[in-house]
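Residue-level structural notes
If you want the building blocks of each chain, they are given just below.
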Amino acid sequence: MVKSIAKKEFISTLRDSRFVALSVIVLLLLLAATMVGLHSYQTLQEEREVAQQTVNEQFANSADRHPHRMAHYGSYAFRPKSSISFLDFGMDSYTGASVYMEAHRQNSANFSQAQQSSSLIRFGEMTVAFVLQMLIPLLIIFLCFGAFTQEKETGTLTILLSQGVSLQQVAWAKIAGYSKVVLLVVAPALVLASLLLFGRGGFELNGDLYSRLLLFMLFYLLYFFIFIVLSVVLSALHQRSSTALVTLLGIWILFCVITPKATANLGATLYTTPTKAQMDVEVHEEVAKGVDGHNSGDERAEAIKQELLQTYGVATLEELPINFDGVLMAVGEEHSSKVYQEHFDELTAIFQKQNNISVFAGLLNPYLAVRHLSMGMAGSDFSHYIHFQNKAEQYRYNQSQELNHIQATKLKYGDKETRLSGDTWKNLKPFQYEAPGAGWALSNHSISLVALLLWLGLVCTLGIRLIGYSKIA
Amino acid sequence: MDIVLEAKQLKKQYQDKLALKGLDLQIKAGEIFCLLGQNGAGKSTTINLFLGFIKPTSGAAYINGLEVAANITKIKEYLAYIPENVMLYPNLTGLENLALFSSLAGFDYDKVQLMHYLISAGLPAEAASRRVGGYSKGMRQKVGIAIAVAKHAKVLLLDEPTSGLDPKASNEFSELLLKLSEAGTAIFMATHDIFRSKEVGTRVGIMREGELVDVLSAAELDANELEKLYLNYMHV
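Computed from a prediction, not measured in an experiment: that's the story for all the values here.

All right, on to the overall build of chain B then. Looking only at helices and strands, one finds seven helices and ten strands in chain B. Taken against the 2.2 N^0.38 rule, which gives 18 Å for 236 residues, the C-alpha radius of gyration of chain B at 18 Å falls within 12% of a compact globule. Taking the principal axes of the C-alpha coordinates as reference, chain B spans close to 50 × 40 × 35 Å. Here chain B, with 236 residues, has 49% of them falling under the buried criterion. By sequence separation, contacts in chain B at least 24 residues apart represent 68% of the contacts at least 6 residues apart.

Along the backbone of chain A there are 18 helices and three strands. Referenced to the eigenvectors of the C-alpha coordinate spread, the extents of chain A come out at roughly 105 × 45 × 35 Å. In chain A, which comprises 473 residues, the proportion classed as buried is 40%.

All names here are of chain B. The strand order across the open sheet formed by four strands is 2-1-4-5, and the pairing between neighbours is antiparallel. Of all strands in the sheet, those bounded by a partner on one side alone are strand 2 (17-28) and strand 5 (66-67). Where strand 1 (residues 3-14) meets strand 4 (residues 58-63), five bridges bridge the pair, whose relative direction is antiparallel. Bridging across to strand 4, Lys8 finds its partner in Ala60.

As a further point, take unusual backbone geometry. Residues and elements named next belong to chain B. Look at Gln9: it is not a glycine, yet its phi comes out positive at around 45°. Along the chain, the position of Gln9 falls in strand 1. Given 12 C-beta atoms within a 10 Å radius, Gln9 is considered exposed.

Residue and element names in this part refer to chain A. Pairing is antiparallel across the open sheet formed by three strands, whose spatial order is 1-2-3. Because the sheet does not close on itself, it has two edges, and the strands there are strand 1 (75-78) and strand 3 (105-106). Relative to strand 3, strand 2 (residues 98-102) is paired through two bridges, and the arrangement is antiparallel. Each residue of the ladder has a partner; that of Glu102, found in strand 3, is Arg105. Across the sheet, helix 15 (residues 382-410) touches strand 1, strand 2 and strand 3, and the angle it forms with strand 2 is around 20°.

Quick look at the interface of chain A and chain B now. Taken together, the 21 residues of chain A in the interface contact 22 residues of chain B. Secondary-structure elements contributing two or more residues to the side of chain A that touches chain B are helix 1 (2-14) and helix 7 (156-162) of chain A. Examining the composition of the side of chain A that touches chain B, we find that six residues originate from one element, helix 7 of chain A, more than from any other. The residue makeup of the side of chain A that touches chain B, split by class, is eight nonpolar, ten polar and three charged.

With that out of the way, let us pick up the pairing of strand 3 (residues 32-37) of chain B. Walk down a regular strand and you will see the side chains alternate between the two sheet faces. All names here are of chain B. The element strand 3 is largely enclosed, with a buried count of six among its six residues. The alternating pattern of strand 3 places Ile32, Cys34 and Leu36 and Phe33, Leu35 and Gly37 on opposite faces, both of which are buried. Sheet topology note: the strand 3/strand 9 (residues 203-208) ladder contains five bridges and is parallel. Residue pairing in the sheet places Gly37 in a bridge with Met207 of strand 9.

Between two packed helices, the angle of one axis relative to the other and the distance separating the axes together describe the packing. Residues and elements named next belong to chain A. With their axes 9 Å apart at the nearest point, helix 2 (residues 17-60) and helix 8 (residues 167-199) run at an angle of 15° to one another. One element, helix 2, and the other, helix 8, form an angle in the roughly parallel class. Taken as a pair, helix 2 and helix 8 cross one another with a handedness that is right-handed. Contacts between helix 2 and helix 8 involve Ser23, Val26, Leu27, Leu30, Leu31, Thr34 and Leu38 from the first element and Val185, Pro188, Ala189, Leu192, Ala193 and Leu196 from the second. In terms of residue class, the contact of helix 2 with helix 8 is made up of eleven nonpolar, two polar and no charged.

Here we take up the nonpolar core. Counting 156 residues, the largest nonpolar core has Leu98(B), Ala146(B) and Val155(B) as its most contacted members. Tallying contributions element by element places helix 9 (residues 207-237) of chain A first for this core, with 15 residues. Not counting residues up to four positions away in its chain, the partners in contact with Ala146(B) are Leu98(B), Tyr117(B), Leu118(B), Ala121(B) and Leu123(B). Met70(A), Ala71(A), Phe78(A) and Trp425(A) belong to the second largest nonpolar core, which has 18 residues in total.

Residue and element names in this part refer to chain B. Considering the arrangement of structural elements, one finds Ser129 in the loop between helix 3 (111-120) and helix 4 (137-150). What makes Ser129 exposed here is the crowd of 12 C-beta atoms within 10 Å. Taking C-alpha positions, Ser129 is 42 Å from Leu20, a pair spaced 109 residues apart along the chain. Excluding residues within four positions of it along the chain, Ser129 makes contact with Thr93 and Leu95.

Now for the environment of Pro161(B). Residue position: Pro161(B) is located in the loop between strand 7 (155-159) and helix 5 (167-182). Once the C-alpha coordinates of Pro161(B) and Lys76(B) are considered, the two residues, 85 residues apart in sequence, prove to be 19 Å apart.

This brings us to the confidence of the model for chain B. Detailed reading of the predicted model is not advised wherever pLDDT is low. With 99% of its residues at a pLDDT of 70 or more, chain B shows a mean pLDDT of 89. Scored as a complex, the prediction yields pTM 0.84 and ipTM 0.82.

The next subject is the confidence of the model for chain A. All names here are of chain A. The pLDDT averaged across chain A works out to 85; a share of 94% of its residues lies at or above 70. Here helix 4 (residues 113-116) is the element of chain A with the lowest mean pLDDT, 49, and helix 14 (residues 366-378) is the one with the highest, 96. Low pLDDT, under 50, characterises residues 118-123; the predicted model gives this stretch four contacts beyond four residues in sequence or across chains.

For the rest of this paragraph, the subject is the environment of Gln52(A). Structurally, Gln52(A) can be placed in helix 2. Taking the C-alpha atoms as reference points, Gln52(A) and Leu317(A), 265 residues apart in sequence, are found 40 Å from one another.

To continue, consider the packing of helix 2 (residues 94-104) of chain B against helix 3 of chain B. Residue and element names in this part refer to chain B. Viewed as axis vectors pointing N to C, helix 2 and helix 3 meet at an angle of 105°, and their least axial separation amounts to 10 Å. By the angle between their axes, helix 2 is roughly perpendicular relative to helix 3. Across the interface between the two elements, Gly94, Leu95, Leu98 and Ala99 of helix 2 pack against Lys111, Leu114, Tyr117 and Leu118 of helix 3. Tallied by class, the residues present in the contact of helix 2 with helix 3 amount to six nonpolar, one polar and one charged.

Residues and elements named next belong to chain A. Taking 1.5 Å per residue as the helical rise, helix 5 (residues 128-144) with its 17 residues ought to reach 24 Å, and the 22 Å between its terminal C-alpha atoms agrees with that figure. Its axis deflected by about 35° at Leu135, helix 5 carries its strongest bend there, up to four residues before the proline Pro137. Among the residues making up helix 5, those that are buried are Val128, Ala129, Val131, Leu132, Gln133, Ile136, Pro137, Leu139, Ile140, Ile141, Leu143 and Cys144. Residues of helix 5 that are buried make contact with helix 1, helix 2, helix 8, helix 9, helix 10 (241-270) and helix 14.

The rules behind each value
- Within every chain, residues take consecutive numbers counted from 1 along the sequence as written.
- Key to labels: chains lettered from A, ligands numbered from 1, both in the order written.
- Per-residue local features are limited, in this predicted model, to residues with pLDDT of at least 70; the limit for side-chain atom pairs, both in listing and counting, is 80 or more; totals at the level of whole chains, interfaces and linings are taken over all residues.
- Each helix corresponds to a stretch of at least 4 residues labelled H or I by DSSP, and each strand to a stretch of at least 2 residues labelled E; elements are numbered beginning at the N terminus.
- Note that the radius of gyration is over C-alpha atoms, with the globule rule given as 2.2 Å times the number of residues to the power 0.38.
- Burial is judged by counting other C-beta atoms within 10 Å of a residue's own C-beta: 20 or more means buried, 12 or fewer means exposed, and anything between counts as partly exposed, with every C-beta placed from the backbone.
- Here the contact rule is simple: place C-beta atoms from the backbone, and any two residues whose C-beta atoms are within 7 Å are in contact.
- Should DSSP find at least two bridges between two strands, the strands are taken to pair.
- As a rule, the C-alpha atoms of each element are fitted with a line to give its axis, helices using only the stretch in contact, and angles between N-to-C directions run from 0 to 180 degrees.
- For this scheme, ten residues count as nonpolar: Ala, Val, Leu, Ile, Met, Phe, Trp, Tyr, Cys and Pro. Four count as charged, namely Asp, Glu, Lys and Arg, and the remainder, Gly too, count as polar.
- When an angle is under 35 degrees it counts as roughly parallel; over 145 it counts as roughly antiparallel; between 65 and 115 it counts as roughly perpendicular; any other value is oblique.
- Crossing handedness follows the turn of the near helix against the far one: under a right angle anticlockwise gives a left-handed crossing, and clockwise gives a right-handed one.
- We call a set of buried Ala, Val, Leu, Ile, Met, Phe, Trp, Tyr and Cys residues a nonpolar core when their C-beta atoms link them within 7 Å.
- pLDDT expresses, on a scale from 0 to 100, how confident the predictor is about each individual residue.
- For a helix, the expected span equals 1.5 Å multiplied by the number of residues minus one.
- Two axes enter the bend calculation: one fitted to the seven residues ending at the residue in question, the other to the seven starting there, and the bend is the angle between them.

Listed below in structure tokens is the structure:
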């Protein structure tokens, strides 16, 4: 029974020229977004790879220098783009792409696309995710709003039901038929995206990539299914197609336009972030309370000096087997890094709280749930950005300390003139970023996943049950 | 003969309106019962109660001995329904529509069998492969008949089936009903058409304001007498 009606829905829809035209437009948009996204990804990724390679080479081929001069010379960490971020740019356009890593200072990522582009980017980009999140649900609404109402208006529902099928069976059949139609519109674009992804070189085709892509597709298929069931249920509960359409469009506006903006504004209002200047002042003040690596006359430096002299049983700094300047630099770096990390963690926690409003709102809005999951799988969400930022800071700290160690072990106290051979820098490991796996990404979005599954359960149980209360005659 | 369609003190109340006032009725296999009445008399309400589309306020409707309200799905096996205006799926052909509705009733016919039902119902063979969106009302009605016949139902419920049909199509329809009746199908037809009722009906019921005010044997009176009687009941 279900199969027959589902087949009928599929054939009827394909023979509806209005729907075919609409589907072709959406499919073309999807394909265009895929191509544009991939082109943008390739350009940015290549730029970043070249930039990273250039700065790494520049660092490794640096001239003979004093190690602390080298620490101040610093390096850059460029954030590589996630392989499937071409499907969902997420926050990538707004977060920075590179971090300048130098001694004593922790810089945040700079040079986001939004900073470098016209303000038009702030109106949203035509990405695959945009089409999947916003336009496909709209297509689904136009496809399904008359699922039951048209049958009621024309009277076919009574003939259908008189053949011995229940309302619920009709609903499931329609859902199956419409799902097939939606798949027909979406699948070519997803297949093309996969072919483009797997067909081009430049990145590793590994289990993680496959997992991310499969989960990305699965979440969207669930999202579409939720919209299909919701549309069919609401169509069954209405008597007229016009009112069903108005209700569904209202829900779409609420889900896809109003709530995302409202939750973002609410988050920013409830949890205010300090300004950069305010944070810089606080960090500076707290760092000043610690050891200043550049000032060996500092009281706290004096205590370290005495401790070292005592440990090594010598009377002067010159007699120490290690360079006190390097030791002091290392202690100062440790302190300033700790202070910065604490402030950075506090700031991240505030952003996380702001984000959580939107994450928990996913329990009321499947659009928000799938948006978070989509960004997470594409590796373009806030968590991935913070992961990179932390890795860059970890690298910066380790490299500074390594240079401090070189200063402490290879130069004498007070020696500010000796230049170490350029070969020394070649032995320092360049920055290499490894993005976290799909499991890590998914664990950051467990609430969104639960929200999506709850929505699925809700529309498939309560929604279908409600259809039983639909008026037939 | 067996009673296949029955109503016992069947009532339906819509808020402040009593649409059906305790209907008692029995229809046997092979019988054609025509229910005459004005718009709003309760004819469609009666059919909807037999179909299980609405629940009775009190009393019960039975199809083939099964109470409708308690056997909503099961009773559909025994009945077929043709509304006043058979609306089919416009993007499917006549054949595809018949195939769909037959398969829902549990009959998977091949193309030859489907064509047989459509042609028997009076649909031109060349029309069967055309989309129903381009059919006239009469042609849709014929597909509706084919759907009902192909189901081999014991009970056929008809709601103003000849309304809007041309005389030729109406006559063909009457002939088909008589054939089905001869084959043992019980037919309940709600209609305004007094002459058609007299022509095909075994019994004719007159319903006024939700009440079955009279039941007559069609064989015992002519069309003019029936019309006079009907108009009397309608206070015209």
